Amino acid sequence: MKFSIKSGHPAKQRTACVVVGVYEHRRLSDVAQEIDDVSKGHLSFILRRGDLEGKIGQTLLLHNVRGTLADRILLVGCGHERELGETQYRKVIAKAIRTLHETGSMEAVCYLTELNVRSHDTAWRIRQAVETAHASLYEFNELKSKNTKEDMRRPLRKLVFSVASRRELRLAESACREAEKIAEGVKLAKDLGNLPSNICTPAYLVEQAKALCINHENELTCQVLDQADLEKEGMNALLAVAKGSKQPPHLIILEYWNGKKNDATFVLVGKGVTFDSGGISIKPAKDMDQMKFDMCGAAAVLGTMLAVVELELPLNVVGIIPTVENLLSSNATKPGDIVTSFSGQTIEILNTDAEGRLILCDALTYAEKQYKPEVMIDIATLTGACVVALGKHAHGLLGNHHPLTNDLLNAGKYSGDRAWKLPLWEEYQEELDSRFADVANIGGREGGTITAACFLSRFIKKCHWAHLDIAGTAWLTAKKEKGATGRPVPLLTQYLIERSKEMYNNVATPPVILSTKID
Ligand code: BES
Ligand code: MN
Ligand code: ZN
C-alpha cells in the first residue's frame, strides 16, 4: 500500500473515494461541511433521514454526490467532538481503512487526519493514521494452504492523507515517512512473533538477522556467536537454558554505526526464547502454544533495528539477541543446578522456567564489556506476574536511571505504545538470596516482575539501563485480535528518534527532517 500527503478541497478530488468525519449527533466535521455546501445540502439531508448517528464505528457510503469529483464519499462516525482522544482517533481511522478495503475502492483521499485530536498536532495525526492503516490491514496467512488474498477482488492500494494547509505538507510528509518505517519494523516483529517454533528456531532468527544486514549492506553488520563460542566465553547461564534442546543456542549481534565515533552507543537486548516449555519445571499444557511468542523481545530488537536503519538515524545502535529453545531432555538443566555466569557470579537455578533472565544476564554482561554503552535497554516477555499487574495495555518498565525511564515513558505516550513504571528498590533484592550460590534465579511469589528485574540489575555495572517486560503486550489472545503486536517497536523507535533530534539540535542543517515533538 502506498501513502502520500496532500492539501486541497474535498470536492475537487478525482478519486475513487473521499473519506470525511461526522460527529455525534449528526454533526458534520469542517470538511464534511465543505462537501455539504457544494452538494447543496446532500449530506445534511441524508443525516436527517437518520442513516448515520455519528457514533464511532459507524460508516455510510454515498455514491455520485453532486458537486464532487469523487466516485464515492465515505462518512465515518467520530463520536462526540469533545471526546476525540488518541484511542478514539485510532478507532476511527481503523474503521475507515477496513471499510475502504472492503468496499472496492482501490484508492482514496482521507480527510480524517484534519480532525481535532485532543493535545496533538498534524504530524502526530499523520503518524498515527499511517501506522494504524498498516496495522489494520495486517494479515498473517503464509501458513494457510488456500491463498486468501485471491479472494479479494479490489484491495485498497493507494491512500492519500489530507492536511489543512500547504504549509504543513513538509512536516506531514516526514511524519508519513517515519510512520512507514516504524510500520515496517512492526510488521517484521509481528511476522517473526507469529511464526511457530518449528519454523522460527534460534537458527531462523540468525538467518533473519543476516538477511537484514544483506538488505542494508554497509549500514548494518551482523556477527553471530555459536555454541562453541559461547562455551569459550563462558556464557554458562545462557548455555544452561539451551541444554535440553537439540536446537543450538546463538548470540546475535547487530551493529549500526551512524553516529560520530565518540557519540553514545545505545544497546538493545531482546529475549529470544523461540519456545518456552518451562524446561524440567514444565508449564501446564493449557496455553503452552503461546510460548512460541517468547522471542518477541528479539523480534522487537530486529524490528527496531530495521526502522532505525531505514530512517538513517544519526546514532550508534547495537542490537543483541540471545536465542535458545527451552525444552526438556535427559540433558536438560535441573532445578537446583548451579552455573557460573559470564559475569563470574554463580546462579542457583531453582526454577528452569525462569529462563529469560538467565539468557539475558549473559547478554547484558557481554554488551557492557564489549560496547561500554551509555544506554542499555532490554526487552523481554519475562514474567507472568507482569500480565497480572498491568494486563495487555502497558509494558512493565524498570530501570536504574530516572531520566532514561522518563524518556521511555514519554516515547511510549507519544507513540501510543505505552509503558508503566514499577519500583526497583534495594529492598526487593534479598528475595534472590541463595543458600548455595551468589544469587537464585527466582524470588518468592510476590512482586515477580520486580524481582526478575532485580536479578537483571545485578549484571549491570555502570551504564544507564532500563528493562521492558512485554509479557502482557507482545501478543494478544482474544480470537479476533490473536497474534503478535509488534510492540514495543514504536516506543523504542520513538525514543531513538528523540535522541536523534538532540543530535540535530547541535547542527545548522540537519540531514533528515524529523517530524515529532514531545512537550
Ligand atoms: N516466558 C515466561 C513468562 C510469560 C508467562 C510470558 C506467561 C507471558 C505469559 C517466563 O519465561 C516464565 O516462565 N516466567 C515465570 C517466572 C517464574 C518461574 C519465577 C513466570 O512468570 O511464571
Ligand atoms: Mn519460562
Ligand atoms: Zn520465557
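Computed from a prediction, not measured in an experiment: that's the story for all the values here.

As a further point, take the overall build of the protein. In terms of helices and strands, the protein carries 14 helices and 21 strands. Referenced to the eigenvectors of the C-alpha coordinate spread, the extents of the protein come out at roughly 85 × 55 × 45 Å. For the protein, long-range pairs separated by at least 24 residues make up 77% of all intrachain contacts whose partners lie at least 6 apart in sequence. About 22,700 Å² of surface is accessible on the protein, with carbon and sulfur atoms providing 49% of the total. Where the 64 positive side-chain charges of the protein centre and where its 64 negative ones centre are 7 Å apart.

This part covers the coordination of the manganese ion (ligand 2). The protein atoms donating to the manganese ion (ligand 2) are Asp276 (OD), Asp353 (O), Asp353 (OD) and Glu355 (OE), with metal-donor distances spanning 2.0 to 2.2 Å. One can describe the site at the manganese ion (ligand 2) as irregular: its six donor atoms subtend angles covering 70 to 167 degrees at the metal. All donors of the manganese ion (ligand 2) come from a single chain, and their spacing in sequence reads D-x76-D-x1-E. Between the two metals, the manganese ion (ligand 2) and the zinc ion (ligand 3), the spacing is 3.2 Å, and Asp276 donates to both. The class for Asp353 is partly exposed, based on a relative accessible area of 22%. Overall, Glu355 belongs to the buried group, its relative accessible area being 1%.

Looking now at the coordination of the zinc ion (ligand 3). By definition of the ideal shapes, four donors in a tetrahedron about a metal sit 109.5 degrees apart, and six donors in an octahedron sit 90 or 180 degrees apart. Bound to the zinc ion (ligand 3) on the protein side are Lys271 (NZ), Asp276 (OD), Asp294 (OD) and Glu355 (OE), at distances that span 2.0 to 2.4 Å. Every donor counted, the six donor atoms about the zinc ion (ligand 3) form angles of 78 to 175 degrees at the centre, which fits octahedral coordination. One chain supplies every donor for the zinc ion (ligand 3), spaced along it as K-x4-D-x17-D-x60-E. Its relative accessible area of 3% is what places Asp276 among the buried residues.

His25 follows Glu24 through a cis peptide bond whose omega is -20 degrees. Tracing the chain through its elements places His25 in the loop between β2 (17–23) and β3 (27–28). A cis amide bond links Arg487 with the next residue in sequence, Pro488, at an omega value of 0 degrees. Looking at the element boundaries, Pro488 is found in the loop between β21 (483–484) and α14 (489–504). The residue Asn218 is not glycine, and still its phi comes out positive at about 70 degrees. Relative to the assigned elements, Asn218 resides in the loop between α6 (202–215) and β8 (220–225). Among the residues examined, Asn218 registers a relative accessible area of 77% and is labelled exposed. Even without a glycine there, the phi angle at Lys372 is positive, about 40 degrees. Counting through the fold element by element, Lys372 comes out in the loop between α10 (356–371) and β15 (375–380).

Turning next to the pairing of strand β5 (residues 72–77). Judged by how many residues are buried, β5 sits mostly within the fold: six of six residues are covered. The sheet contact formed by β2 and β5 spans six bridges and is parallel. The partner of Val18 across the bridge, within β5, is Ile73. Pairing of strand β4 (residues 59–63) with β5 involves five bridges; the strand directions are antiparallel.

It is worth spelling out the packing of α10 against helix α13 (residues 448–457) at this point. Remark: α10 packs on α13, axes separated minimally by 9 Å, with the N-to-C direction vectors making an angle of 30 degrees. In terms of orientation, α10 and α13 fall into the roughly parallel class. In the packing of α10 onto α13, the handedness of the crossing is right-handed. Taking contact as the criterion, the partners of Arg357, Leu358, Leu360, Cys361 and Leu364 in α10 are, on α13, Ala452, Phe455 and Leu456.

Here we come to the pattern of salt bridges. All told, the structure shown has 20 salt bridges when counted by the stated rule. Note that Glu178 is salt-bridged to Arg127, the shortest N-O span being 2.9 Å. Residue Glu178 is located in helix α5 (residues 169–194), and its partner Arg127 is located in helix α4 (residues 122–137); the two are separated by 51 residues in the primary sequence. Ionic contacts of the salt-bridge type, sharing partners, join the residues Arg127, Glu131 and Glu178 into one network.

Criteria and cut-off values
- Residues numbered from 1 in each chain as written.
- Chains lettered and ligands numbered in written order.
- Predicted model: local features only at pLDDT ≥ 70, side-chain atom pairs only at ≥ 80, totals over all residues.
- Heavy atoms only, no water.
- Helix = DSSP H or I, 4+ residues; strand = E, 2+ residues; numbered from the N terminus.
- Contact = heavy atoms within 4.5 Å.
- Areas by Shrake-Rupley, 256 points an atom, 1.4 Å probe, with all protein chains shown as cover.
- Lys, Arg positive; Asp, Glu negative; His and termini not counted.
- Charge placed at Lys NZ, Arg CZ, Asp CG, Glu CD.
- Donors = N, O, S within 2.8 Å, 3.2 Å for Na, K, Ca; no water.
- Tetrahedral: all angles 85-135°; square planar, octahedral: opposite > 155°, others 65-115°.
- Buried < 20%, exposed > 50% of the residue type's maximum accessible area, 1.4 Å probe, protein only.
- Pairing = 2+ DSSP bridges.
- Axes fitted to C-alpha atoms, helices over the stretch in contact; angles between N-to-C directions.
- Parallel < 35°, antiparallel > 145°, perpendicular 65-115°, else oblique.
- Left-handed = near helix turned anticlockwise from the far one by under 90°.
- Salt bridge = Lys/Arg side-chain N within 4 Å of Asp/Glu carboxyl O.

Scope: geometric values only; no functional claims are made or implied.
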